[in-house]
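Letter by letter, the chains look like this.
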Amino acid sequence: MQREPLELYIHIPFCVKKCLYCDFLSFGTEDERLKGTPCLPSRKEPVPQNYIEALCREIGEWGRKKTLRHRPVISVFFGGGTPSLMSEKQIFQVMAALRETFSIQKNAEITMESNPGTLTLSKLKAMRFCGINRLSIGLQSTSDEELKTLGRIHSYGAFLQSFKWAREAGFHNINVDLMTALPNQTEESYRQTLKQVLLLEPEHISAYSLIIEPDTPFEKMEEEGKLNLPDEDSER
Ligand code: SF4
């Protein structure tokens, strides 16, 4: 009997710091909300080892479920947060737990979301070594000014370095995330972003619109009239 394939999603809810527009489940280093818990991320350990241990236990528990056992895994997606904040050792540990528990197919697509500023050549080589074959890089814009407005941790230069390292490490499937409708963004600056990214020939580009989410610093700034956002027609 043919078993229905599985696609796995692994969430790593930690970031260096929260971007001003973000409402994803993620915690910055020394996040107040995690004070007093065993999973407080720090500069030294941005992804707490306790979280990795719990994650690996949970992978084992899910893998033992009758309904999931022996089903072929055709894709794995590490999302966040910033999964590329994991250390090389942690990446190996989670991948080993997945392989011990699930039947990951030889041609499975295994993606890691990443942010410039958290990648090194050595870490990218480690990802490739343990079978991660697709990298998604959160760039958002090639304008350093726009990146600063968003509260991103990186510059365009840091992205370029990460992209170069990713190719050098052997990634032949790279996605670049971009955003529109940013404060002070113009049609010209977005065209410039697209042009610069297209020159790098990534295999895929994901283009999102900024949405002002409740309970984010951007929501407050918008209420106070401090965000110069393009209207919907200009954005389209
Ligand atoms: S890097 Fe992504 S998940 Fe982390 S705070 Fe920024 S937008 Fe949110």
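Quick caveat: nothing in here was measured; it's all calculated off a predicted structure. (Residues numbered from 1 in each chain as written. Predicted model: local features only at pLDDT ≥ 70, side-chain atom pairs only at ≥ 80, totals over all residues. Heavy atoms only, no water.)

Enquirer: Just to check I follow, could you spell out unusual backbone geometry for this structure?
Expert: In most cases, non-glycine residues show a negative phi, while peptide bonds are predominantly trans. The linkage connecting Gly80 with the following residue, Gly81, adopts the cis geometry, with an omega of 20 degrees. By the element assignment, Gly81 lies in the loop between β2 (72-80) and α2 (88-101). One non-glycine residue, Glu30, lies in the positive phi region at around 55 degrees. Locating Glu30 in the fold gives a position in the loop between β1 (6-12) and α1 (49-63). With a phi close to 60 degrees, Asp215 is a non-glycine residue in the positive phi region. Counting through the fold element by element, Asp215 comes out in the loop between β6 (204-209) and α7 (217-223). (Helix = DSSP H or I, 4+ residues; strand = E, 2+ residues; numbered from the N terminus.)

Enquirer: Where do I start with the pairing of strand β5 (residues 174-180) in this structure?
Expert: Sheet faces and side chains relate simply in a regular strand, where the side chains alternate between the two faces. Counting buried residues along β5, 7 of its 7 residues qualify, which places the element largely inside the surrounding structure. For strand β4 (residues 134-140) and β5, the ladder comprises 5 bridges, and the chain directions are parallel. If you follow Leu135 over to β5, its bridge partner there is Ile174. By the bridge criterion, 6 bridges tie β5 to β6 in an arrangement that is parallel. In the strand pairing of β6, Met179 is matched with Tyr208. With respect to chirality, the unit in which β5 leads through helix α6 (residues 187-199) into the neighbouring parallel β6 is right-handed. (Buried < 20%, exposed > 50% of the residue type's maximum accessible area, 1.4 Å probe, protein only. Pairing = 2+ DSSP bridges. Right-handed = clockwise from strand over helix to strand, strands pointing away.)

Enquirer: Sorry if this is basic, but what is going on with the sheet that holds β2 here?
Expert: Strand pairing in a sheet is mediated by backbone hydrogen bonds. Such pairs are either parallel or antiparallel. With parallel pairing, the 6 strands of this open sheet are ordered in space as β1-β2-β3-β4-β5-β6. Sheet topology places β1 and β6 at the edges, where each strand pairs with a single neighbour. Strand-to-strand twist in this sheet, taken as the mean axis angle between neighbours without regard to direction, amounts to 20 degrees. Sheet topology note: the β2/strand β3 (residues 103-114) ladder contains 6 bridges and is parallel. Each residue of the ladder has a partner; that of Val73, found in β3, is Ile104. (Axes fitted to C-alpha atoms, helices over the stretch in contact; angles between N-to-C directions.)

Enquirer: What am I meant to see in the packing of helix α3 (residues 121-129) against helix α5 (residues 156-169) here?
Expert: Packed helices, taken two at a time, are described by their axes: the angle between them and the distance between them. It is the contact of α3 with α5, at a shortest axis distance of 9 Å, that shows an interaxial angle of 40 degrees. On the basis of their axis angle, the class for α3 and α5 is oblique. Taken as a pair, α3 and α5 cross one another with a handedness that is right-handed. On α5, the residues that touch Leu121, Leu124, Lys125 and Arg128 of α3 are Ser162, Trp165, Ala166, Glu168 and Ala169. Of the residues assigned to the contact of α3 with α5, the class counts are 5 nonpolar, 1 polar and 3 charged. (Parallel < 35°, antiparallel > 145°, perpendicular 65-115°, else oblique. Left-handed = near helix turned anticlockwise from the far one by under 90°. Contact = heavy atoms within 4.5 Å. Nonpolar A, V, L, I, M, F, W, Y, C, P; charged D, E, K, R; others polar.)

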